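A closer look at the structure
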Amino acid sequence: MAKKTMKETMKDMKNENEVLRKQLASIPALEQHLAKMQLTQRLLEQHANAVMAASQNLLRDIEALNKAAGGQE
């Protein structure tokens, strides 16, 4: 394996630093995207819970109506 010159090593280090700078610059956007995804998940969970509760209430009401009408539970 050939030895790198100091100039080549410095060039490699500068290139690596540039890659790291670009990655660091993308962090705020990624954090914002993550926050939006977490909010969306919470809202979907709340909606799902509301739908489940409404469904249970509807089934309870249907059963009560059937019972009042003399049908089966």
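Report on the accompanying structure. This one's a predicted model, so the numbers in the text were calculated from it and none came from an experiment.

Looking only at helices and strands, one finds one helix and zero strands in the protein. The C-alpha atoms of the protein give a radius of gyration of 30 Å, which is well past the 11 Å a tight globule of 73 residues would have. Here the C-alpha coordinates of the protein stretch approximately 95 × 30 × 5 Å along the principal axes. Among the 73 residues that make up the protein, the fraction classed as buried is 0%. Within the structure as shown, the protein displays about 7100 Å² of accessible surface, and the carbon and sulfur contribution to it stands at 61%. For the protein, the centre of its 11 positive side-chain charges and the centre of its 9 negative side-chain charges are spaced 14 Å apart.

Our next topic: a nonpolar patch on the surface. Taken together, Met6, Met10 and Met13 make up a surface patch of nonpolar side chains, about 330 Å² in accessible area. Mapped onto the fold, Met13 is located in helix 1 (residues 6-68).

Taken as a whole and judged by the stated rule, the model has three salt bridges. Put simply, Glu18 and Arg21 hold a salt bridge, and the shortest N to O gap is 3.5 Å. Placement of both Glu18 and Arg21 in helix 1 is noted, with a separation of three residues, approximately one turn of the helix. Ionic pairing is found between Asp61 and Arg60, a salt bridge with its closest N-O pair at 3.5 Å. For Asp61, a relative accessible area of 39% translates into the label partly exposed. Residue classification places Arg60 among the partly exposed residues on the basis of a relative accessible area of 48%.

Rules behind the numbers
- Residues numbered from 1 in each chain as written.
- Predicted model: local features only at pLDDT ≥ 70, side-chain atom pairs only at ≥ 80, totals over all residues.
- Heavy atoms only, no water.
- Helix = DSSP H or I, 4+ residues; strand = E, 2+ residues; numbered from the N terminus.
- Rg over C-alpha atoms; globule rule 2.2 N^0.38 Å.
- Buried < 20%, exposed > 50% of the residue type's maximum accessible area, 1.4 Å probe, protein only.
- Areas by Shrake-Rupley, 256 points an atom, 1.4 Å probe, with all protein chains shown as cover.
- Lys, Arg positive; Asp, Glu negative; His and termini not counted.
- Charge placed at Lys NZ, Arg CZ, Asp CG, Glu CD.
- Patch = residues over 30% accessible without salt bridge, like charges linked within 9 Å, V, L, I, M, F, W, Y side chains within 5 Å.
- Salt bridge = Lys/Arg side-chain N within 4 Å of Asp/Glu carboxyl O.

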